[in-house]
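# Topology and contacts: notes
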Amino acid sequence: MVGHTGSLARRMMLIAAGWIAVLLLGGGIALDRTLTGLVTRNFDNQLTYILTAMIGSAEVGPDGEVFFNRPLGDQRFLEPNSGLYWQISGQGHDDWPSRSLWDRTIKLSPEHFDLAPHVYNSDQFAGEPLRIIERSIILPGSDTKWSFAVAESRKELDDQIRRIRAILIWSFVVLGLGLLLMAGLQTWYGLGPLRRVRLAIQRMRATGENRMTEPLPLEVQPLVEELNGLLAHSVKQAEEARTHAGNLAHALKTPLTVVMNAATAHAPDLAETVIREAAVMRRQVDHHLARARAVGRRAVGQARASVSESAEAVLRAVTRLYERTRFDLDGNRQADVAIERQDLDEILGNLIENAAKYGGGSVFVTIDPVKDAQYCEIWVEDDGLGIPEEERTRIFDRGARLDTGKPGTGLGLAIVRDVAEIYGGSVTLEESEDLGGLLVKLRLPRVRG
């Protein structure tokens, strides 16, 4: 079973849940501070209005005490413990409280002088937290610093804040759940094309189709194209395998028939016939094995080989076999081609060995003589008799040989052509202008990137 790295849907939901939590928490805190600030400022504005009315109606009497020239309008100042209180204090004078304070007194700080209204909270009354606004005034006709204070129970303010926070919490919880539900629906809908791809692959496996034709979103289309390319590659490989098997079976059929007929007829040259036909079958098996290895290595991935390194290695080996032949290597030593090193060695080995075998004593190997962005050309030239133009196509057939006086199987050029074509290259034969013999032009694709 193939391992996995987790669920895409779970990842998307975790990311969505994290962002929703962060945004709702930040938005909730900001909204809570904004609304509680508005409610508190409205509460303080009412106290400021009462304080202004107190200061505006306050006067100093002949006895030096403060009095109001008109009564304050709020009835709660007359009701004991009503929750709304006022008090005027002056140094050297008794405190003048509202009737609602009854037998209590608001403790004010005489050490400071507040030119502007000063608002603060106080817990000096047990069980009744207060919101107090205080201001220091020197009234006309008096040198006393009078402290005017208005206090109101914070119960109503705190109740409003609690109601606001409860509404915010429930609203944001419902909003968060709704957003999570929408994120889940979005994830399910967004990953729908991947489910369609899975179902399409199931249908392909059930029906035997080799291509996905269902229209899909742009983001998924590259995946489908790569999948179709992989399927086409697999089909091509399967077809090549069937072709190789058929060719091999066809190639072995005739030698086996010859051996069977000779054995059935008790032919006197049976041993020679078996040896000769076995050699033919061995050549055919080697040829098809070389093709199969090239196809298998090509399917592994992006191949890469240095032409100069391969050519030098082949020349070192061939030089030992043909000591009287002069070998020259020239050209671009940095050229890399998209082919496995073993296959490149086999191709160059066949070409260089043929040039040494059928040449007159000189072999030139030139790397990349023609500048091409996609293909690298490798020229192998000799000073032999060459190959007539009308024979240059037939020479690539399996077993075809023009010079039967020298040992060989007749499969060298066939293997070169087949392996080169497997990697997207080609082989052509021409006449060498410099040496006068055969010129083999091998074209192989360069390494991309």
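Residues numbered from 1 in each chain as written. Predicted model: local features only at pLDDT ≥ 70, side-chain atom pairs only at ≥ 80, totals over all residues. Heavy atoms only, no water.

## A word on a negative patch on the surface
Together, Asp 63, Glu 65, Asp 94 and Asp 95 line one region of the surface with negative charge. By the element assignment, Asp 94 lies in the loop between β3 (84-90) and β4 (96-97). With relative accessibility at 65%, the residue Asp 94 sits in the exposed group. (Patch = residues over 30% accessible without salt bridge, like charges linked within 9 Å, V, L, I, M, F, W, Y side chains within 5 Å. Areas by Shrake-Rupley, 256 points an atom, 1.4 Å probe, with all protein chains shown as cover. Salt bridge = Lys/Arg side-chain N within 4 Å of Asp/Glu carboxyl O. Lys, Arg positive; Asp, Glu negative; His and termini not counted. Charge placed at Lys NZ, Arg CZ, Asp CG, Glu CD. Helix = DSSP H or I, 4+ residues; strand = E, 2+ residues; numbered from the N terminus. Buried < 20%, exposed > 50% of the residue type's maximum accessible area, 1.4 Å probe, protein only.)

## Some details on helix α6 (residues 307-321)
What sets the pattern is the α-helix's 3.6 residues per turn: residues three or four places apart point alike. The end-to-end C-alpha distance of α6, which contains 15 residues, comes to 21 Å, matching closely the 21 Å that a straight helix rising 1.5 Å per residue would cover. Among all positions of α6, only Val 307, Ser 308, Ser 310, Ala 311, Val 314, Leu 315 and Val 318 are buried. Viewed along the axis of α6, the buried residues span an arc of 150 degrees, placing them on a single side of the element. Opposite the buried face of α6, by more than 90 degrees, sit the exposed residues Arg 316 and Arg 320. Elements in contact with the buried residues of α6: β8 (305-306), β9 (326-331), β10 (336-337), α7 (341-358), β11 (362-367) and β12 (375-382). (Expected span 1.5 Å × (residues − 1). Arc of directions from axis to C-beta. Contact = heavy atoms within 4.5 Å.)

## Side note on the sheet that holds β4
A sheet is described by the order of its strands in space; here five strands give the open sequence β4-β3-β7-β6-β5, paired in antiparallel fashion. Because the sheet does not close on itself, it has two edges, and the strands there are β4 and β5 (118-122). As paired elements, strand β6 (residues 130-137) and strand β7 (residues 146-153) share eight bridges and run antiparallel to each other. Within β7, the residue paired with Ile 137 across the bridge is Trp 146. Here helix α1 (residues 8-57) sits on the sheet in contact with β3, β5, β6 and β7, set at roughly 140 degrees to β7. (Pairing = 2+ DSSP bridges. Axes fitted to C-alpha atoms, helices over the stretch in contact; angles between N-to-C directions.)

## What about the packing of α1 against helix α2 (residues 155-190)?
Taken N-terminus to C-terminus, the directions of α1 and α2 make an angle of 160 degrees; their axes are 9 Å apart at the nearest point. One way to sum up the angle between α1 and α2 is to call them roughly antiparallel. Seen along the crossing, α1 lies across α2 with a hand that is right-handed. (Parallel < 35°, antiparallel > 145°, perpendicular 65-115°, else oblique. Left-handed = near helix turned anticlockwise from the far one by under 90°.)

## Examining the pairing of β3
Every other side chain in a regular strand lies on the same face of the sheet, so the side chains alternate between the two faces. Most of β3 sits inside the fold, with seven of its seven residues counted as buried. Of the two faces of β3, the one holding Leu 84, Trp 86, Ile 88 and Gly 90 and the one holding Tyr 85, Gln 87 and Ser 89 are both buried throughout. Bridge count for β3 against β7 is seven bridges, and the pairing is antiparallel. In the strand pairing of β7, Ser 89 is matched with Ser 147. Between β3 and β4, which pair antiparallel and follow one another directly, the connecting turn spans five residues, one of which, Gly 92, has a positive phi of 85 degrees.

## Observations regarding the nonpolar core
Ranked by internal contacts, the top residues of the largest apolar core, which has 40 residues, are Ile 352 and Leu 442. Those elements that provide at least two residues to this core are α6, β9, α7, β11, β12, α8 (412-422), β13 (426-431) and β14 (438-445). Considering every element that reaches this core, the biggest residue donor is α7, with seven residues. Setting aside residues no more than four positions away along its own chain, Leu 442 makes contact with Ile 347, Leu 348, Leu 351, Cys 376, Glu 377, Ile 378, Ala 420, Ser 426 and Val 427. (Core = buried A, V, L, I, M, F, W, Y, C linked by side-chain atoms within 4.5 Å.)

## Re the pattern of salt bridges
Evaluation of the coordinates by the stated rule reveals 19 salt bridges. Where Arg 162 meets Asp 159, a salt bridge forms, and the shortest distance between an N and an O atom there is 2.2 Å. Highlighted residues: Arg 162 and Asp 159, both in helix α2, separated by three residues, approximately one helical turn. Classification of Arg 162 as exposed rests on a relative accessible area of 51%. With a shortest N-O distance of 3.3 Å, Asp 418 and Arg 417 are connected by a salt bridge. Judged by its relative accessible area of 24%, Arg 417 is partly exposed. Within this structure, Asp 74, Arg 76 and Glu 152 form a network of salt bridges that share partners.

## Concerning the side chain of Ser 57
Here Ser 57 is to be found in helix α1. For Ser 57, a relative accessible area of 1% translates into the label buried. Excluding residues within four positions of it along the chain, Ser 57 makes contact with Phe 67, Phe 68, Asn 69, Arg 70 and Leu 72.

## Here's the deal with the sheet that holds β9
Across the sheet, which stays open at both edges, the five strands sit in the order β9-β11-β12-β14-β13 with mixed pairing between neighbours. The sheet is open, and its two edges are formed by β9 and β13, each paired on a single side. Neighbour-to-neighbour, the strand axes of the sheet open up by a mean angle of 15 degrees, direction not taken into account. Looking at chain direction, β12 and β14 are connected through seven bridges and run antiparallel. Along β14, the bridge assignment pairs Glu 381 with Leu 439. Of the strands in this sheet, β9, β11 and β12 touch α6, which is tilted by about 175 degrees from β9.

## Side note on the packing of α2 against helix α3 (residues 192-207)
Here α2 crosses α3 at 35 degrees, and the two axes come no closer than 4 Å. Here α2 contributes Trp 188, Tyr 189 and Gly 190 to the contact with α3, which in turn contributes Gly 192, Pro 193 and Arg 195. In terms of residue class, the contact of α2 with α3 is made up of three nonpolar, two polar and one charged. (Nonpolar A, V, L, I, M, F, W, Y, C, P; charged D, E, K, R; others polar.)

## Let's talk about the environment of Ile 378
Mapped onto the secondary structure, Ile 378 falls in strand β12. Put simply, Ile 378 and Arg 443 are 65 residues apart on the chain and 6.5 Å apart in space, counted from C-alpha to C-alpha. If sequence neighbours within four positions are ignored, Ile 378 has contacts with Val 307, Leu 348, Val 365, Thr 366, Val 440, Lys 441, Leu 442 and Leu 444.

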